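# Residue-level structural notes
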There are 2 protein chains.
Amino acid sequence: MIKGYNPEDKIFLAVDCIIFGFDDEDLKVLLIQRDFEPEKGNWSLMGGFLKQEENLDDAATRILYRLTGMHDIYMEQLYAFSEVDRDPVARTISTAYYAIINIEKHNEELIENYNAKWFSLKEVPDLIFDHNAMLDKAIRRLRRRTSINPIGFELLPEKFTMRQLQKLYEAILDKKLDKRNFINKINSMDILIKLEEKDMSSSTKGSFLHTFDQEKYDNKKTNNFYLKL
Amino acid sequence: MIKGYNPEDKIFLAVDCIIFGFDDEDLKVLLIQRDFEPEKGNWSLMGGFLKQEENLDDAATRILYRLTGMHDIYMEQLYAFSEVDRDPVARTISTAYYAIINIEKHNEELIENYNAKWFSLKEVPDLIFDHNAMLDKAIRRLRRRTSINPIGFELLPEKFTMRQLQKLYEAILDKKLDKRNFINKINSMDILIKLEEKDMSSSTKGSFLHTFDQEKYDNKKTNNFYLKL
DNA sequence: GCAAAAGTGTTCGCGGTACACCCATGA
DNA sequence: TCATGGGTGTACCGCGAACACTTTTGC
């Protein structure tokens, strides 16, 4: 035995992912229907076990890819859940990650394979184990995070209207925002480019599309700012 | 084998604690000198392995007690560090916790047993493994947290002067604050009780001692506020 | 011509910040 | 009497919040 290293009994190491998406109306979370016992048929976060040769970020990336078919997903470690009896089958510690994706870009086929479904935050069912607690914590973190980093944008398509952006923030923060104040604040962040192009689907008048100034955006993503909404 | 549960090779689970204290001048961190290989004699955070019958919070509490002799320490899970080769001896995932304690209350004897020592944040040596990264993350978290919850007070003795409190916040935030503005903001939080008593040690005139209104304090601790300093 | 969404500026109040002088006391 | 730290109030500015009307165009 190595001095100082006293292995305890087996503890399993899992990673569970809270995957957020946005559909122009609601903030949604992607859940899968568990296809094995215990709790077979019940809703759950997408998860998996940590492999010997990967770190937790790697595992989360792998799990996200398996369900969405997407790479380069914005993702952040949330918290390690470790109650002794959180998983009735075996002692398992799960490190939760939350991810935010552009809902249009995921792979529909994979989602069907996993019996996965998008749920509005207000309609999330009872989940297995402590997954509801994970989700709650993820929502709170996401809210705080969007006030410091412009990560909310990851949820939108490449070109989007100001109204879409506003609805997104309203969905994340779960409150109504004033149209004029919102636009002023976003503009003061100076990371958007207004395009000539209009989106005509939402109204007769049409609404200008915007996109990111990638360079300025990357800057803000590292050098925090404060966006009070 | 249980369906869905594929045990991987052994991965050790550790908890490391970043312990902050304050000595009226500097914010300090408690480090121990490692007494076994590898890295014997080098400085390290206090840590230990997770036991089968406890969760991570329990383990952190136990580890904190072992070094300080203190119960009821303010403590928060920070992050799970999981790089495959972070510990050269064996694959180990360490969940870091940070704790803040009243530096006067810890048990000197225990600290000597562990060859532990308080280091000012500016004089922290190279630590083993990824412990410097853990410390950095803890400092950043502590800074953010003190803007939202009045946890900074945990670092002070029961009775303290406004100047002590100000110096504490200056140490945490690593910047000078204006005396009058600071007092106004703290008073607007409405959680302190000004005592009749004065502390005569710091000046000829003496300076009024304060203490917490425990009830109001507990309130604020749960219902976040924002303290802009 | 009307319905439906887009776009656009101004005013008000509060909170943050900057700033300087007198006080009490022990040495 | 002087040196040291303690205690106190005000004025300005900028940011956040509230708020309403005009424009465009398809039906």
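Note that the coordinates shown come from a computational prediction; the quantities given were computed from them, not determined experimentally. (Residues numbered from 1 in each chain as written. Chains lettered and ligands numbered in written order. Predicted model: local features only at pLDDT ≥ 70, side-chain atom pairs only at ≥ 80, totals over all residues.)

## Thoughts on the protein's contact with DNA strand D
We apply this condition: For each residue, a C-beta atom is placed from the backbone, and the residue is labelled near a molecule or strand when this atom is within 6 Å of it. Only DSSP runs of H or I covering at least 4 residues are called helices, and only runs of E covering at least 2 are called strands; the numbering of each starts at the N terminus. In the scheme used here, Gly and all other residues not listed as nonpolar or charged are polar, with Ala, Val, Leu, Ile, Met, Phe, Trp, Tyr, Cys and Pro taken as nonpolar and Asp, Glu, Lys and Arg as charged.
Taken together, the neighbourhood of DNA strand D is formed by 19 residues, with Thr204(A), Lys205(A), Arg180(B), Ser203(B) and Ser207(B) sitting nearest. Secondary structure elements with two or more residues in the surface near DNA strand D: α5 (179-189) of chain A together with α4 (162-173), α5 (179-189) and β10 (207-212) of chain B. The element contributing the most residues to the surface near DNA strand D is α5(B), with 4 residues. Taken together, the residues that form the surface near DNA strand D break down as 3 nonpolar, 8 polar and 8 charged.

## Observations regarding the protein's contact with DNA strand C
Lining the immediate surroundings of DNA strand C are 19 residues, of which Arg163(A), Arg180(A), Ser203(A), Phe208(A) and Thr204(B) lie closest. Secondary-structure elements contributing two or more residues to the surface near DNA strand C are α4 (162-173), α5 and β10 (207-212) of chain A together with α5 of chain B. Per-element tally for the surface near DNA strand C: the top contributor is α5(A), with 4 residues. Tallied by class, the residues present in the surface near DNA strand C amount to 3 nonpolar, 8 polar and 8 charged.

## Some words on the UniProt feature "domain: Nudix hydrolase" (unreviewed entry) in chain A
Applicable threshold: UniProt positions are given in the numbering used here, feature names are shortened, and annotations may be inferred rather than shown by experiment.
Following the UniProt record, one finds the feature "domain: Nudix hydrolase" (unreviewed entry) at residues 10-143 of chain A. Secondary structure within residues 10-143 of chain A divides into 24% helix and 34% strand; the distance between the first and last C-alpha atoms comes to 36 Å.

## A word on the sheet that holds β10(B)
Residue and element names in this part refer to chain B. To keep it simple, the criterion reads: We treat two strands as partners when DSSP finds at least two bridges between them.
Read across the open sheet, the 3 strands follow the order β8-β10-β9; overall the sheet is antiparallel. With one partner strand each, in any of the chains shown, β8 (160-161) and β9 (192-199) form the two edges of the open sheet. Pairing geometry for β9 and β10, over 5 bridges, is antiparallel. Within the sheet, the bridge partner assigned to aspartate 199 lies in β10 and is serine 207.

## Section: the domain arrangement of chain A
Residues and elements named next belong to chain A. Basically, it comes down to this: Throughout the structure description, domain borders are defined by an automatic or database domain assignment. By the convention adopted here, residues are in contact when the distance between their C-beta atoms, placed from the backbone, does not exceed 7 Å.
Annotation of chain A at the domain level lists domain 1 (12-146) and domain 2 (150-222). Each of domain 1 and domain 2 has a C-alpha centre, and these two points are 27 Å apart. With 15 residues of domain 1 at the contact, the number on the domain 2 side is 12 residues. Looking at the side of domain 1 that touches domain 2, the elements that each hand over two or more residues are β1 (12-22) and α3 (131-146). Tallied by class, residues from the side of domain 1 that touches domain 2 come to 6 nonpolar, 3 polar and 6 charged.

## Section: the sheet that holds strand β9 (residues 192-199) of chain A
The strands that make up a sheet pair up through hydrogen bonds in the backbone, lying either parallel or antiparallel. Residue and element names in this part refer to chain A. Pairing is antiparallel in the open sheet, where 3 strands are placed in the order β8-β10-β9. Edge positions in the sheet fall to β8 (160-161) and β9, since each of these pairs with one other strand and no more. As judged from the 2 bridges shared by β8 and β10, these two strands associate in the antiparallel manner. Residue pairing across strands places phenylalanine 160 opposite histidine 210, the latter belonging to β10.

## A short note on the nonpolar core
What counts, and what does not: Joining buried Ala, Val, Leu, Ile, Met, Phe, Trp, Tyr and Cys residues through C-beta atoms within 7 Å gives a set, and that set is a nonpolar core. Remark: C-beta atoms are placed from the backbone, and a residue is labelled buried if 20 or more other C-beta atoms sit within 10 Å of its own, exposed if 12 or fewer do, or partly exposed between those counts.
If you look at the biggest cluster of nonpolar residues, it comprises 101 residues, and the most contacted ones within it are Cys17(A), Ile18(A), Ala99(A), Cys17(B), Ile18(B) and Ala99(B). When near neighbours in sequence (up to four residues on either side) are disregarded, Ile18(A) contacts Val29(A), Leu45(A), Ala96(A), Tyr98(A), Met134(A), Leu135(A) and Ala138(A).

## Description of the pairing of strand β6 (residues 92-100) of chain B
Residues and elements named next belong to chain B. Of all 9 residues that make up β6, 9 are buried, and the element is covered over most of its length. Pairing analysis gives 9 bridges linking strand β1 (residues 12-22) to β6, with the strands arranged parallel. Bridge pairing in β6 links phenylalanine 20 to isoleucine 100.

## Points about α3(A)
Residues and elements named next belong to chain A. The condition that has to hold: To estimate how far a helix should reach, multiply one less than its number of residues by 1.5 Å. Throughout, the arc means the angular range of directions from the helix axis out to the C-beta atoms.
For α3, built from 16 residues, the straight-helix expectation of 22 Å at 1.5 Å per residue is met to within 8% by its first-to-last C-alpha distance of 22 Å. Those residues of α3 lying buried are His131, Met134, Leu135, Ala138, Leu142 and Thr146. All buried residues of α3 project into a common sector of 95° when viewed along the axis, lining one side. Next to the buried residues of α3 lie β1, β2 (27-33), β3 (43-44), β5 (74-81), β6 (92-100) and α4.

## Here we look at α5(B)
Of all 11 residues in α5(B), 0 are buried, a share of ten percent or less. Once α5(B) ends, the next one or two residues include Asp190(B), with phi positive near 60°.

## Quick look at the environment of Tyr74(B)
Residues and elements named next belong to chain B. You can see tyrosine 74 is positioned in strand β5 (residues 74-81). C-alpha separation for the pair tyrosine 74 and isoleucine 100, spaced 26 residues apart in sequence, amounts to 5.7 Å. Leave out the neighbours within four places in its chain, and tyrosine 74 touches Ala99, Ile100, Ile151 and Glu154.

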